[in-house]
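Close look at the chain arrangement
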Amino acid sequence: MASNDELLLLAINTARDALKLLEQAIGKPNSLEYTFLEVLPKEIKANIDLELEALILSRLKPVGLPMISEEAGDIKGSTENGLRWIIDPLDGTANFVRKLGGSAVSIALWNRDFPVFGVIGEFPSCSLAWGGKSYGSFFDGKRIHVSHFRKRDQSILCTGFPSRFEFVSTRTNRFWEMLSSFGKVRMLGAASISLLQVASGKADAYIEEDIMIWDVASGLAILEGAGGKYKIIPGQHLYSYFVEATNGNLE
Ligand code: IPD
Ligand code: CA
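Residues numbered from 1 in each chain as written. Chains lettered and ligands numbered in written order. Predicted model: local features only at pLDDT ≥ 70, side-chain atom pairs only at ≥ 80, totals over all residues. Heavy atoms only, no water.

1. Section: the site of ligand 1
- Residues in contact with ligand 1 amount to 16 residues; listed here are only the nearest, Asp91, Gly92, Thr93, Pro162 and Glu208.
- Within the side chain of aspartate 91, an N or O atom sits 2.5 Å from an oxygen atom of ligand 1.
- One nitrogen or oxygen atom from the side chain of glutamate 208 is found 2.5 Å from an oxygen atom belonging to ligand 1.
- Calculation on ligand 1 without its partners gives an accessible area of 370 Å², and the protein chains cover 88% of this total.
- Elements with a minimum of two residues in the shell around ligand 1: strand E5 (83-91) and strand E13 (205-212).
- Top contributing element to the shell around ligand 1 by residue count: E5, with three residues.
- Split into classes, the residues belonging to the shell around ligand 1 amount to six nonpolar, four polar and six charged.
- Mapping the shell around ligand 1 onto the domain boundaries places at least three of its residues in each of domain 1 (4-143) and domain 2 (152-246). (Near = heavy atom within 4 Å. Polar contact = N/O pair within 3.5 Å; in protein donor to acceptor, adjacent residues only side chain to side chain. Areas by Shrake-Rupley, 256 points an atom, 1.4 Å probe, with all protein chains shown as cover. Helix = DSSP H or I, 4+ residues; strand = E, 2+ residues; numbered from the N terminus. Nonpolar A, V, L, I, M, F, W, Y, C, P; charged D, E, K, R; others polar. Domains from an automatic or database assignment.)

Below, the structure is given as C-alpha cells:
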C-alpha cells in the first residue's frame, strides 16, 4: 500500500492535471453546457463536471481505496485501513460555466471521519493549496495560517446556500440570526474556496447547513493544517452536514 505522503503527491499531481483540463474547457462550448437538475432544482451540472471526474478517478482508482465522488457516488475499495478519497471534481460549477468567480478541483483523503489531507486546485488562478493536521498547510508552496481575530462582530464570515437548503422560515430565520452576528458576510460560490480563505486568514469563519461532504472535505483538512478548528454535524441527507469552521479564536 502506498504511504500517505505518496498519496498526497498523487493527489497534487492529479489536481494539477485537472486544472489543465479546466483551462482547455474554457475554450470549448461543449464542456460549458449545463442544466439545472429536475430532481434537485437548485443544482447545476455541466459536461465538465463529468470530464474532470473521469480524469481524477482514472488517476486515483489504481490505488485501490474506496472513494466518494460527487457525480459517481460511492466507489468500492479496500476498507482495511479506514482510508478513503473524497472528491469534488468541480466545486463552484455555476461560477465556472458562467465565468462568475472562482471554482476548484477538490481531492481529500480521510481516515474514517477525520481528514488526513486535502488538495485544492483553484481556477482561474491555477494555484494549488494543500495541507492537513500533520503537514501544515500551503498555498502555492507558501505556508498559510488562520487569522487571530476574536470578536465575531468584527470578523468576516463566508457562507452559501447549498442546493439542498430548504427555504422555509424556520431555517431562513436561523440563517439570518447566524449572519447577523458577523461584521461582514461573503458568498463566494464554492465551499472549498471559502474554507481556503479562512485557512489563509482572509476570512475568519465558514458556516453552511446541509453542505455535502465532498464540498468541504479538502478545505477542512487545509483549515486544520493552518491552525483552524471545525465542527461537523450530520445533516438531513446522506453525506450532508452542518459545518462550522473558524480560525479557532472567535468568541
Ligand atoms: C456548491 C458550492 C457552493 C455551495 C453549494 C455547493 P458545486 O458546489 O460549494 O458554495 O453553497 O452547496 O453545491 O455544486 O458547485 O460542486
Ligand atoms: Ca461539484
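2. Observations regarding the domain arrangement of the protein chain
- Looking at the assigned domains, one finds that the protein chain contains domain 1 (4-143) and domain 2 (152-246).
- Each of domain 1 and domain 2 has a C-alpha centre, and these two points are 19 Å apart.
- Across the boundary between the two partners, domain 1 contributes 34 residues, which contact 26 residues of domain 2.
- When the buried area of domain 1 at its contact with domain 2 is split by residue, Asp91, Trp110 and Ile120 rank highest and sum to 21% of it.
- Between domain 1 and domain 2 we count one salt bridge in total.
- In this structure, glutamate 224 and lysine 133 form a salt bridge, with 3.9 Å as the shortest nitrogen-oxygen distance.
- Taken together, domain 1 and domain 2 are joined by eleven residue pairs in polar contact (both at pLDDT 80 or more).
- Taken together, the elements giving at least two residues each to the side of domain 1 that touches domain 2 come down to E5, strand E6 (103-111), strand E7 (114-123), strand E8 (128-132) and strand E9 (136-139). (Contact = heavy atoms within 4.5 Å. Buried area = accessible area lost by both parts, 1.4 Å probe. Salt bridge = Lys/Arg side-chain N within 4 Å of Asp/Glu carboxyl O.)

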